[in-house]
Amino acid sequence: MTLDFSWLADPLYQQWLLRGLGTTILMSLLGIVLMFIIGIAGAACIHFRLPVLETLTTILVELFRNTPPLVQLFFLYFMLSEIGLTLTDSATGRSIPLFSGFTCVVLSLGLYNGAIAVEIIRSGLLAVPSQTVEGARSLGYSRLQTFRHVELPIGLRMSIPAMTNNVVSLIKTSSQAVLVAVADIMYGATQIMLETFRNLEVMILIWIIYVVIASLAVVAARRIAAAVRIPGYGM
Amino acid sequence: MNSELKAFTFGVVGVTLVLSAILVTVYGAETGRVVQALAVRTPLLLSGSPDFSRFEGGFAANIIISLWAMLIAGITGVALGIGLIAQSAAVRTPSVLVMNILRNSPWLVVLYAMLYLLPFEVDLFGTTFFLSPLVKSVIGLALPVTANIAEVFRGGVEAIPSGQWESARSLGYRRLQILRHVVVPQAIPFMTPNLMTTYAMLFIGTSLVVVTGAADVLSVARTVIASDGAHYATAIYLYVLFLFFIFCFPIAILTRWLERRVRVRQ
Amino acid sequence: MTPDQQVRPLIELQGVHKSFGSFPVLKGVSLSVQDGGVVCIIGPSGSGKSTILRCINGLTPIDRGTIRVGSFAVETLKSDKDLVPLRHQVAMVFQQYNLFPHRTVLQNLTMAPIQVLGEDPTQVRERALSLLAKVRLTGKEAAYPGELSGGQQQRVAIARALAMQPRVILFDEVTAALDPEMVSEVLSVIRDLAREGMTCVLVTHEMRFAEEVADEVFFTDRGVIVEHGPPSTIFKAPGDERLKSFLEKVL
């Protein structure tokens, strides 16, 4: 079996791959932002024991963590068009979904990895020593101020290792965008496969690209961890 | 078990209510008819056959694939895990490299790659093995899970105090013997919850085998949608979500219970 | 009696009861602290000494009785918003320092005055620097708590309490977690404060120190104040049997 990568020299294919790579990275970055928003907001709902919201968050976290992100994506994609959130394209007269595949992927990444982030941040908050919290309370910090200035900064730092895994998982999961026809790097790859039939070679290249992106994310997370490390605090 | 039992009841009831609420919101007055349609399609989604006569497709296929993949990944994972803790750098360095690559690979890409890498059939010991999509799915999932299991193995072994190694060595045990007779038996309680989490993750990952053409629950769901109409898509995917949840959630709860027990015993 | 002690005390506890679950910790504690006074609370472990301090600044709500600090009726303050002005006046120093590990020494001092009291950052900073000089930690501004010794951390904690410009400081066994050679550096900082007229309430096991700095000593056992008086009486001529046997054990 010989591998043939000569198709990589074709500028058109290079362009498809680069464009797809851009989409994949953008999707992942937006997903990460949404993941953090959901993670912090959800953890806060549980932390402050907000009535109704605490229960709802707990249930949704269990739901999203224990079901496949792919099914969540399909569900989101079809439900949002089913409940009529569609626009009518003035040129063709066809109705197109208001939420594009891209939006659905970002939403589903944010929800799935966000649900995991809720748990991660929550256990980070639980790991903040109660004496430190008490120190803040004795200085007159309100619960919200204590959360913002003391618990969250320390808790988030403690959750960096688990959060790094979660971010890598999010980047990997983003590859399923191709299944709702988002033009990400996997989509570019399938297009090239259709034209060149070098299926294995294309997949190996995509595999390498994902491993590189994920590894870069890990390196970035290590840099962040080092930058915000608390000197003299066993972390 | 008390607090976990409470969380379990709470989760099952809560998730069922949430999913039902979505169903009613989406379908309104039609809900009754949609539920009926789901009931008719239940045997197909669960077993791949219209009357539960066989269990080789649908959700049953996901379970079968996950069990085989776990079995294979268990063996390869422990082998890679032993490589990770090897003393010789010639073994350890490549093991770490392989683990990092596998850990950072999207499962979907690995599945696609296996689809194209693995031949249609292989000759082994004079017998021809037919590599069905199901077999390719099993291999494609077992590969990345190998990294997870290796990591769990290493974590469990490292949780055992070094004094155990020293005392066993002073009794004349060799490295692999120490692992087998002294360290691993003690590490199993630490590894079990993490192995269960890995299995739940693997099971969730079986949703991806839809791309290999195996007759898994998502493939069946897509066939059903194609024949019954896109109108039912939301309901069917809700149903599939529920199936996965009802399978994975008890595992998650059991894992939490085991973790708590391990912590308490320490 | 000096005229000083006839004015209304700064802190007054009357008949304070507190139970944790079904376990009564305080069973009718009454005590008072004059403005500028130094009060030490001594007694065996589990006698409720620390709980008294925690009730005074509202960290632990009480079941029955009254606590007055200045013009505040502590038992009526329930929400955070009500408790903030009280905590402005009552600072607390803990056995485990309870510093913020993610902030530098200087930030530990300036955070609360800026974020809670809304004071001017430049002024707070100047005050913090002079307080660090006072606890002999000049040069450690940029260090993190985890990089300091226990004695140094505890002095930062005292400076942090002072940065709030409180009327009274509560010291909760502040030397109990320290190595013996660090105890004296912390005690000398507290001694300076006491001499300058800062109102101090100390829960302590350092009997010699209590004898030296206290204006009044309270002995607690099993949730009640068994005996109180000037240190000369408490330590040299104890009346109660329980106090006598306690002193025999610790002195």
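These figures come from a predicted structure and were not determined experimentally.

1. What to know about the environment of A133 of chain C
Then comes step 1: Mapped onto the elements of the fold, A133 of chain C is located in helix 4 (residues 121–134).
Then comes step 2: Taking the C-alpha atoms as reference points, A133 of chain C and A159 of chain C, 26 residues apart in sequence, are found 9.4 Å from one another.

2. A word on the sheet that holds strand 9 (residues 216–221) of chain C
Residues and elements named next belong to chain C.
Then comes step 1: Here we have six strands laid out as an open sheet, ordered 6-7-8-3-9-10, and mixed in their pairing. Whereas interior strands pair on both sides, the edge strands pair on one side only; in this sheet they are strand 6 (90–93) and strand 10 (224–229). Here the average twist between neighbouring strands, direction ignored, is 20 degrees.
Then comes step 2: Where strand 9 meets strand 10, five bridges bridge the pair, whose relative direction is antiparallel. Counterpart to V217 in the pairing with strand 10 is G229.
Then comes step 3: Packing of helix 9 (residues 241–250) onto the sheet brings it into contact with strand 3 (38–42), strand 9 and strand 10, and relative to strand 9 it is tilted by some 100 degrees.

3. Digging into the side chain of S142 of chain A
Then comes step 1: When you line up the elements, S142 of chain A lands in the loop between helix 5 (130–138) and helix 6 (143–158).
Then comes step 2: When neighbours within four sequence positions are excluded, S142 of chain A is seen to be in contact with R137 of chain A together with D80 of chain C.

4. Digging into the interface of chain A and chain B
Then comes step 1: Listed per partner, the contact involves 38 residues of chain A and 45 residues of chain B.
Then comes step 2: Taking both sides of the interface into account, the surface hidden between chain A and chain B amounts to around 3700 Å²; carbon and sulfur atoms contribute 79%.
Then comes step 3: Taken together, the connections running from chain A to chain B amount to one salt bridge.
Then comes step 4: Across the side of chain A that touches chain B, the residue classes tally to 25 nonpolar, nine polar and four charged.

5. A few points about the environment of L70 of chain A
Then comes step 1: Its place among the elements puts L70 of chain A in helix 3 (residues 69–82).
Then comes step 2: Measuring from C-alpha to C-alpha, the distance between L70 of chain A and V105 of chain A comes to 9.4 Å, with 35 residues separating the pair along the chain.

6. A closer look at the nonpolar core
Then comes step 1: Core analysis: the largest hydrophobic core is formed by 124 residues, its most contacted members being M186 and I206 of chain A.
Then comes step 2: Counting residues per element, this core draws most heavily on helix 10 (residues 233–265) of chain B, which supplies 16 residues.
Then comes step 3: In this structure, this core is formed jointly by two domains, domain 1 (1–55 + 217–266) and domain 2 (58–214) of chain B, each of which donates at least three residues.
Then comes step 4: Counting 51 residues, the second-largest nonpolar core is a separate cluster that includes V93, I158, V189 and V217 of chain C.

7. Looking at helix 2 (residues 31–47) of chain B
Residue and element names in this part refer to chain B.
Then comes step 1: With 17 residues, helix 2 ought to run about 24 Å at 1.5 Å a step, and its terminal C-alpha atoms sit 24 Å apart, in line with that.
Then comes step 2: The axis of helix 2 is deflected most strongly, by about 50 degrees, at R41, and proline P43 appears within four residues downstream.
Then comes step 3: Among all positions of helix 2, only T31, V34, A37, L38, T42, P43, L45 and S47 are buried.
Then comes step 4: Looking at the buried residues of helix 2, the elements they touch are helix 1 (2–27), helix 3 (58–84), helix 9 (217–228) and helix 10.
Then comes step 5: Phi for G48, located one or two positions after helix 2, is positive at around 85 degrees.

8. Quick look at unusual backbone geometry
Then comes step 1: You will see that F197 of chain A, though not glycine, has its phi angle at about 60 degrees, which is positive.
Then comes step 2: Note that F197 of chain A resides in the loop between helix 8 (185–196) and helix 9 (199–227).
Then comes step 3: Although it is not a glycine, Y97 of chain C adopts a positive phi angle of roughly 65 degrees.
Then comes step 4: As for its placement among the helices and strands, Y97 of chain C is situated in the loop between strand 6 and helix 3 (105–115).
Then comes step 5: Its relative accessible area of 13% is what places Y97 of chain C among the buried residues.

9. A look at the environment of R191 of chain C
Residue and element names in this part refer to chain C.
Then comes step 1: Within the secondary structure, R191 is located in helix 6 (residues 180–195).
Then comes step 2: Expressed as a C-alpha distance, the spacing of R191 and Q115, which sit 76 residues apart in the sequence, is 30 Å.
Then comes step 3: Contact partners of R191, with chain neighbours within four places excluded, come to F209, E212 and V213.

10. Focus on the interface of chain C and chain A
Then comes step 1: Facing the 24 residues of chain C at the interface are 22 residues of chain A.
Then comes step 2: Counting the contacts that link chain C with chain A gives one salt bridge.
Then comes step 3: Of the charged contacts in the structure, one is a salt bridge between R54 of chain C and E134 of chain A, with a shortest N-O distance of 2.6 Å.
Then comes step 4: Residue assignment for the side of chain C that touches chain A shows that the elements contributing at least two residues are helix 2 (80–89), strand 6 and helix 3 of chain C.
Then comes step 5: By residue class, the composition of the side of chain C that touches chain A is 13 nonpolar, six polar and five charged.

11. As for the packing of helix 1 (residues 11–47) of chain A against helix 8 of chain A
Residue and element names in this part refer to chain A.
Then comes step 1: Contact geometry of helix 1 with helix 8 gives a least axis separation of 7 Å together with a crossing angle of 160 degrees. By the angle between their directions, the pair helix 1 and helix 8 is classed as roughly antiparallel. Contact residues: helix 1 offers Y13, W16, L17, G20, L21 and T24, while helix 8 offers I185, G188, Q191, I192, E195 and T196.
Then comes step 2: Split by residue class, the contact of helix 1 with helix 8 holds six nonpolar, five polar and one charged.

12. So, the confidence of the model for chain C
Residue and element names in this part refer to chain C.
Then comes step 1: Scored by pLDDT, chain C comes out at a mean of 90, with 98% of its residues at no less than 70.
Then comes step 2: When the criterion is pLDDT under 50, residues 1–5 qualifies, and its contacts beyond four places in sequence or with other chains add up to three contacts.
Then comes step 3: Note on the complex model: pTM 0.85, ipTM 0.91.

13. Some details on the arrangement of the chains
Then comes step 1: For this structure, the chain pair with the highest number of contacts among two pairs of chains in contact is chains A and B.
Then comes step 2: If you take every C-alpha in chain B and every C-alpha in chain C, the smallest gap between them is 21 Å, and the two do not touch.

14. Focus on the side chain of E4 of chain B
All names here are of chain B.
Then comes step 1: Mapped onto the fold, E4 is located in helix 1.
Then comes step 2: Take E4: its relative accessible area is 6%, and that puts it in the buried class.
Then comes step 3: Each residue touching E4, except ones within four places of it in the same chain, is listed here: I253, R256, W257 and R260.

15. What to know about the pattern of salt bridges
Then comes step 1: All chains considered together, the criterion is met by 23 salt bridges over all chains.
Then comes step 2: With a closest N to O distance of 2.9 Å, E119 of chain C and R127 of chain C form a salt bridge.
Then comes step 3: The buried category is assigned to R127 of chain C, whose relative accessible area is 16%.
Then comes step 4: Residues E211 of chain C and K236 of chain C are paired through a salt bridge, measuring 2.3 Å at the closest nitrogen-oxygen approach. Placement of the pair is E211 of chain C in helix 7 (residues 207–213) and K236 of chain C in helix 8 (residues 231–236), with a sequence separation of 25 residues.
Then comes step 5: Of the residues examined, K236 of chain C reaches a relative accessible area of 61% and is grouped as exposed.
Then comes step 6: Connected through shared salt-bridge partners, R103, E151 and R154 of chain B make up one network.

16. Concerning the sheet that holds strand 4 (residues 64–69) of chain C
Residues and elements named next belong to chain C.
Then comes step 1: Spatial strand order, 2-1-4-5: four strands in an open sheet with antiparallel pairing. Edge strands, defined here as strands with exactly one partner in the open sheet, are strand 2 (23–33) and strand 5 (72–73).
Then comes step 2: Relative to strand 2, helix 1 (residues 49–56) is tilted by about 65 degrees, and along the sheet it contacts strand 1 (11–20), strand 2 and strand 4.

17. Looking at the packing of aromatic side chains
Residues and elements named next belong to chain B.
Then comes step 1: Enumeration over the complete set of coordinates arrives at 17 aromatic pairs over all chains.
Then comes step 2: With a centroid separation of 6.4 Å and an interplanar angle of 10 degrees, the aromatic rings of Y112 and Y116 are classed as stacked. With Y112 and Y116 both in helix 5 (residues 107–117), this residue pair falls four residues apart, about one helical turn.
Then comes step 3: Over the ring of W257 we find R261; its NZ or CZ atom is 4.9 Å from the centre of that ring.

What counts, and where the lines are drawn
- Along each chain, the written sequence defines residue order, and numbers are assigned to residues from 1.
- To read the labels, note that chains go from A and ligands from 1, taken in the order they are written.
- Local features in this predicted model are restricted to residues whose pLDDT is 70 or higher, and side-chain atom pairs enter the listing and the counts only when it is 80 or higher, whereas totals over whole chains, interfaces and linings include all residues.
- Side-chain measures here rest on the full set of heavy atoms in the structure, leaving out hydrogens and waters.
- Strands are runs of DSSP state E lasting at least two residues, helices are runs of H or I lasting at least four, and both sets are numbered from the N terminus onward.
- We call two strands paired when DSSP finds no fewer than two bridges between them.
- For helices, the axis comes from a line fit to the C-alpha atoms of the stretch in contact; other axes are also lines fit to C-alpha atoms, and the angle between any two N-to-C directions lies between 0 and 180 degrees.
- For this analysis, residues touch if any pair of their heavy atoms sits within 4.5 Å.
- Note on definitions: buried area is the accessible-area loss of two parts on being combined, 1.4 Å probe, summed for both.
- The salt bridge definition used is simple: a Lys or Arg side-chain nitrogen within 4 Å of an Asp or Glu carboxyl oxygen.
- As a working rule, the residues Ala, Val, Leu, Ile, Met, Phe, Trp, Tyr, Cys and Pro are called nonpolar, Asp, Glu, Lys and Arg charged, and the rest polar, with Gly in that last group.
- What is meant by a nonpolar core is a set of buried Ala, Val, Leu, Ile, Met, Phe, Trp, Tyr and Cys residues, joined one to another through side-chain atoms within 4.5 Å.
- Buried residues are those whose accessible area, probed at 1.4 Å on protein chains only, stays under 20% of the maximum for their type, while exposed residues exceed 50% and partly exposed ones sit between those limits.
- Where each domain begins and ends follows an automated or database-derived domain assignment.
- Expected helix span is taken as 1.5 Å per residue step, with the number of steps being one fewer than the number of residues.
- Bend angle per residue: angle between axes fitted to the 7 residues ending at that residue and the 7 residues starting there.
- Each angle gets one of four labels, with under 35 degrees taken as roughly parallel, over 145 as roughly antiparallel, 65 to 115 as roughly perpendicular, and the rest as oblique.
- Per residue, pLDDT measures the predictor's confidence, with a range of 0 to 100.
- Working definition: rings of Phe, Tyr and Trp (its six-membered ring) pair if their centres are within 6.5 Å, and the pair is stacked with planes under 30 degrees apart, edge-to-face with planes over 60 apart, and tilted otherwise.
- Here, a charge over a ring is recorded when the distance from Lys NZ or Arg CZ to the ring centre is within 6 Å and its angle to the ring normal is within 35 degrees.

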